[in-house]
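# Structural overview
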Amino acid sequence: MLQANGEATHSLADRLGVGITDALALDHLMTSSTGLGPTELGHRLGIRSASATALVDRLHAAGHARRVPHPSDRRRQTVVATEQAYEEVLGALTPLLDRIEEAAGRLTPEQATATVTFLREVAAAMRDYAAEHDLPG
């Protein structure tokens, strides 16, 4: 499953014409309701501050991100995904989403219920695993 996820992420990056780190950054930005500071984005990606700044500059130049004032600290900036980014990512993911929808359509109602339950439990296990790593100590 992890390998398939990695392959899909690489394919998305190729379809968008960006590098893998840029695609991962877009994922973080698009799933953040308030945007992320450049430093926080860099931390999530495991890259240094200077690299995060260059990354944000690339995303901005490509029309995928924009800098906005931080909602509570005027000294800081927040990076948010643009509408163009959402449109391009959705367009690039449409073939994958169509295939997933086809696969789901072949399930019986009972299979669909069991699958949803299973996937929610897997997602929770993955989040717990990640949270344990983030704990001090």
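Please read these numbers as outputs of a predicted model, since none were measured by experiment. (Residues numbered from 1 in each chain as written. Predicted model: local features only at pLDDT ≥ 70, side-chain atom pairs only at ≥ 80, totals over all residues. Heavy atoms only, no water.)

This part takes up the pairing of strand 2 (residues 77-81). Burial analysis of strand 2 places four of its five residues in the buried class, the great majority of the element. Relative to strand 2, strand 1 (residues 65-69) is paired through five bridges, and the arrangement is antiparallel. Bridging from a neighbouring strand, Arg 66 pairs with Val 80 of strand 2. (Buried < 20%, exposed > 50% of the residue type's maximum accessible area, 1.4 Å probe, protein only. Helix = DSSP H or I, 4+ residues; strand = E, 2+ residues; numbered from the N terminus. Pairing = 2+ DSSP bridges.)

Looking at the largest pocket, its volume works out to about 1400 Å³. Residue lining of the largest pocket: 31 residues in total, with Leu 2, Asn 5, Thr 9, Asp 27 and Met 126 positioned closest to the centre. Going through the elements one at a time, helix 1 (2-16), helix 2 (20-30), helix 3 (38-45), helix 5 (83-105) and helix 6 (109-134) are the ones with two or more residues in the lining of the largest pocket. Among the elements that make up the lining of the largest pocket, the one with the highest residue count is helix 6 (nine residues). Grouping the amino acids of the lining of the largest pocket by side-chain chemistry returns 21 nonpolar, six polar and four charged. What lines the second largest pocket is simply Ile 100, Ala 103, Ala 104, Leu 107, Ala 112, Thr 115, Val 116 and Leu 119. When contributions to the lining of the second largest pocket are tallied by element, the ones reaching two or more residues are helix 5 and helix 6. (1 Å grid on protein atoms, 1.4 Å probe; cavity = no way out; pocket = protein on both sides within 12 Å on 5 of 7 lines; lining within 4 Å. Points joined across faces, edges and corners; volume = space filled by probe spheres on them. Nonpolar A, V, L, I, M, F, W, Y, C, P; charged D, E, K, R; others polar.)

It is worth spelling out helix 2 at this point. Within helix 2, burial applies to Asp 22, Ala 23, Ala 25, Leu 26, Leu 29 and Met 30. Summarising the axial view, the buried residues of helix 2 lie within an arc of 160°, below the 170-degree limit, and thus occupy one face. In this structure, the buried side of helix 2 is in contact with helix 1, helix 3, helix 4 (49-61), strand 1, strand 2 and helix 5. (Arc of directions from axis to C-beta. Contact = heavy atoms within 4.5 Å.)

The subject of this paragraph is the nonpolar core. Judged by nonpolar contacts, the single largest core of 21 residues is most densely connected at Leu 16, Ala 25, Leu 26, Leu 29, Leu 41, Leu 55 and Leu 59. Counting only elements with at least two residues in this core, the list comes to helix 1, helix 2, helix 3, helix 4, strand 2 and helix 5. Sort the elements by how many residues they give to this core and helix 2 lands first, with five residues. Residues within four places of Leu 16 in sequence aside, it is in contact with Leu 26, Glu 88, Val 89 and Ala 92. (Core = buried A, V, L, I, M, F, W, Y, C linked by side-chain atoms within 4.5 Å.)

All told, the structure shown has three salt bridges when counted by the stated rule. The closest approach of N and O atoms between Arg 58 and Asp 22, which form a salt bridge, is 2.7 Å. Taken together, the residues span a long stretch of sequence, with Arg 58 in helix 4 and Asp 22 in helix 2 at a distance of 36 residues. In this structure Arg 58 comes out as partly exposed when scored by relative accessible area, which is 41%. (Salt bridge = Lys/Arg side-chain N within 4 Å of Asp/Glu carboxyl O.)

Before going further, it helps to spend a moment on the packing of helix 1 against helix 2. As a packed pair, helix 1 and helix 2 sit with axes 9 Å apart at the nearest point and diverge in direction by 100°. Looking at the two axes, helix 1 sits roughly perpendicular to helix 2. On helix 2, the residues that touch Thr 9, His 10, Ala 13 and Leu 16 of helix 1 are Ile 20, Ala 23, Leu 24 and Leu 26. Of the residues assigned to the contact of helix 1 with helix 2, the class counts are six nonpolar, two polar and no charged. (Axes fitted to C-alpha atoms, helices over the stretch in contact; angles between N-to-C directions. Parallel < 35°, antiparallel > 145°, perpendicular 65-115°, else oblique.)

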